[in-house]
Amino acid sequence: MSRIRTTALGLALTAAASALTLGAAPASASPFASAATSATLPAPASRAGDGAGGTGGSAGGAAEGRADGAPAESTVEEARLDRPVPREILRRSGFDTAAPRFADALRGARTYAQAERIAVRHGTELWRRAVDRAQGRGPVGGDLARDDDRPLYWARLGMTRALRAWGPATALPAGARERLLDRLESASRGQDTVRFPAGRGVKRVLVTGFDPFTLDRDIRIGNPSGAAALALDGTLVRTADGGWARVETMVFPVRWRDFADGTVERALRPHLPRVDLFTTVSQGRVGRFDVERYNGAWRGGFADNENASETGPVPVDDPDTRPQWTVTSLPYAAVTAAATGPFPVYDNTAVTEVPAGAAQPVVRPDGPTPGSAARAGGGGDYLSNEIAYRATLLRDRLGLTGLPGGHLHTPVLQFGAGNADAVEDPAYLRNRAAITAQVRSVIAVAAGAGGGAGAAGGVAEAEGAGGPGGVRR
């Protein structure tokens, strides 16, 4: 979901490149200890800030459930549900029943523990329903193409709005509604259902995608990274070396506040030590895939799905040891050399930096220079760059220096020429199917290529390129 931004120098990006959308990309995912099954609604423990730190809630975010149990306000995202296009997408997919069923179930909850179980069950069912639909299982549910990621997004927002509007019989303690929202979000994004096979013989690959975004520009759009996540979750892929890989997926929100709250680290930390490869995926440039070599510790301020804006260093835990740059350890040389599909795949090494001792940002086509300060990674300065930065920083802080991982940008998912209002058309369907198929092929090559990065050398390269600002292991 990546949106690559222009620099302060007015870098002349082409129109195609400036259309970059971070498919970011990515929901509050932290499971927390269940509340006791008492007759009242006790306050659960506070959310862990693993890998978080930083800014807290952003403007436009959700109001927390009040201590008196009164409903919370809807968010900017949820308000878009009332427009005709989301209603059409939900109706034509059959996902318009998810929020009403969830609201009915919530009305029967008498304790926090009951409400939590309902949120997790309905969130998990929503994720599984979207995956099954994308992979051709179960009822069609309408005439919208099965591989569409948009029903999941809009149905989840219907459910979160229902949870905010819920008035429990017993007043909720401060923070309880937000914790229920966390549980619903993580369950409905596939973050609670990652299951890899035990033993040897099958490689384990973790893939992340993003929600749709820039919906005020065109509310019809989906995100090809989210569609690929649904199509690939739980599947076996034949790798380039003749073996097999099991792919598990999850999706993330396009919201600055969730990233500052540590959702990426909480969702990925349990799995990175157990996988053989990971890649975050988002929508990028028109007509091409990119393996992003360098990720920068900078937020460029582009508005998120809550119309909130954040500019400044990426807020992470232990900011004193925050490197300016992290680097991919995906086998980019093998991926870019392989015939994976109709779109070209590039090893993108460009960054925007403020050189050591300088005051103004400059574009470096071959990566960062020693001691520089990040202003944009290869994936820009939006949430696709940030998920790549956070995931690879987590890899390094866990000491997983031999683990292949990084970020893949897909082509922009476009409607056919002249389509100004239809929610799908033949060109849109062809583009989405082609992008998903090529994501699968890239994973097959990467998983079959053996260890870390390409010829230039993996994690150690960032330290050589970035000097004191490089990766800290």
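Above this text is the structure in question.
Residues numbered from 1 in each chain as written. Predicted model: local features only at pLDDT ≥ 70, side-chain atom pairs only at ≥ 80, totals over all residues. Heavy atoms only, no water.

**What about the overall build of the chain?**
And step 1. Scanning the chain from N- to C-terminus turns up 14 helices and 14 strands.
And step 2. Taken across its 473 residues, the chain has 59% of its residues classed as buried.
And step 3. Counting only carbon and sulfur atoms, one obtains 53% of the accessible surface of the chain, whose full area is about 16400 Å². (Helix = DSSP H or I, 4+ residues; strand = E, 2+ residues; numbered from the N terminus. Buried < 20%, exposed > 50% of the residue type's maximum accessible area, 1.4 Å probe, protein only. Areas by Shrake-Rupley, 256 points an atom, 1.4 Å probe, with all protein chains shown as cover.)

**Points about the sheet that holds strand S12 (residues 362–364)**
And step 1. Ordered in space as S12-S11-S13, the three strands form an open sheet in which the pairing is antiparallel. Only two strands of the sheet have a single neighbouring strand rather than two, namely S12 and strand S13 (373–376). Going from strand to strand, the sheet's axes swing by 45° on average, the running direction of each strand aside.
And step 2. Taken together, the three bridges between strand S11 (residues 351–354) and S13 define a ladder with antiparallel strand orientation. When the bridges of S13 are listed, Thr352 appears paired with Ala376. (Pairing = 2+ DSSP bridges. Axes fitted to C-alpha atoms, helices over the stretch in contact; angles between N-to-C directions.)

**A look at unusual backbone geometry**
And step 1. With a phi angle near 50°, Thr214 is a residue other than glycine that sits in the positive phi range.
And step 2. Tracing the backbone shows Thr214 in the loop between strand S1 (202–210) and helix H8 (224–232).
And step 3. Backbone geometry at Asn307 places phi at a positive 60°, although glycine is not the residue there.
And step 4. Mapped onto the elements of the fold, Asn307 is located in the loop between strand S7 (298–300) and strand S8 (311–313).

**Brief notes about the pattern of salt bridges**
And step 1. Within the structure shown, the criterion is met by 36 salt bridges.
And step 2. Here Arg293 ties to Asp347 by a salt bridge, and the two come within 2.4 Å at their closest N and O atoms. Here Arg293, found in the loop between strand S5 (289–292) and strand S6 (294–296), pairs with Asp347, found in strand S10 (residues 345–348); they are 54 residues apart in sequence, far enough to count as distant.
And step 3. Owing to a relative accessible area of 8%, Arg293 belongs among the buried residues under this scheme.
And step 4. What you see here is one network of salt bridges that share partners, running through Glu77, Arg156, Glu185, Arg189, Asp211, Arg255 and Asp258. (Salt bridge = Lys/Arg side-chain N within 4 Å of Asp/Glu carboxyl O.)

**Let's talk about the pairing of strand S2 (residues 235–238)**
And step 1. On S2, burial follows the alternation: Thr235 and Val237 on one face are buried, whereas Leu236 and Arg238 on the facing-out side are not.
And step 2. Pairing of S2 with strand S3 (residues 244–252), which is carried by four bridges, proceeds in the antiparallel orientation. Paired with Thr235 across the two strands is Val247, which belongs to S3.
And step 3. Turn length for the S2-S3 hairpin, with the two strands adjacent in sequence and antiparallel, is five residues, and the turn residue Gly242 shows positive phi of about 90°.

**Some points on the environment of Ser329**
And step 1. Its location among the elements puts Ser329 in the loop between strand S9 (325–327) and helix H11 (332–337).
And step 2. Through-space distance from the C-alpha of Ser329 to that of Gly406 is 6.1 Å; in sequence the pair is 77 residues apart.
And step 3. Among the polar contacts listed, one links the side chain of Ser329 to the backbone oxygen of Leu403, at a separation of 2.7 Å. (Polar contact = N/O pair within 3.5 Å; in protein donor to acceptor, adjacent residues only side chain to side chain.)

**Overview of helix H5 (residues 112–134)**
And step 1. The terminal C-alpha atoms of H5, which comprises 23 residues, lie 33 Å apart, in line with the 33 Å expected from a rise of 1.5 Å per residue.
And step 2. Once H5 finishes, Gly136 follows within two positions and takes phi at roughly 80°, a positive value. (Expected span 1.5 Å × (residues − 1).)

**Points about the sheet that holds S2**
And step 1. The sheet built from seven strands is open, its strands ordered S2-S3-S1-S4-S14-S5-S10 with mixed pairing. If you trace the sheet from one side to the other, it starts and ends with S2 and S10, each paired once. Sheet twist, expressed as the average angle between the axes of neighbouring strands with direction ignored, equals 30°.
And step 2. Here four bridges tie S1 to strand S4 (residues 277–283), and the two strands are oriented parallel to one another. Residue pairing for S4: Val207 is matched across the bridge by Thr279.

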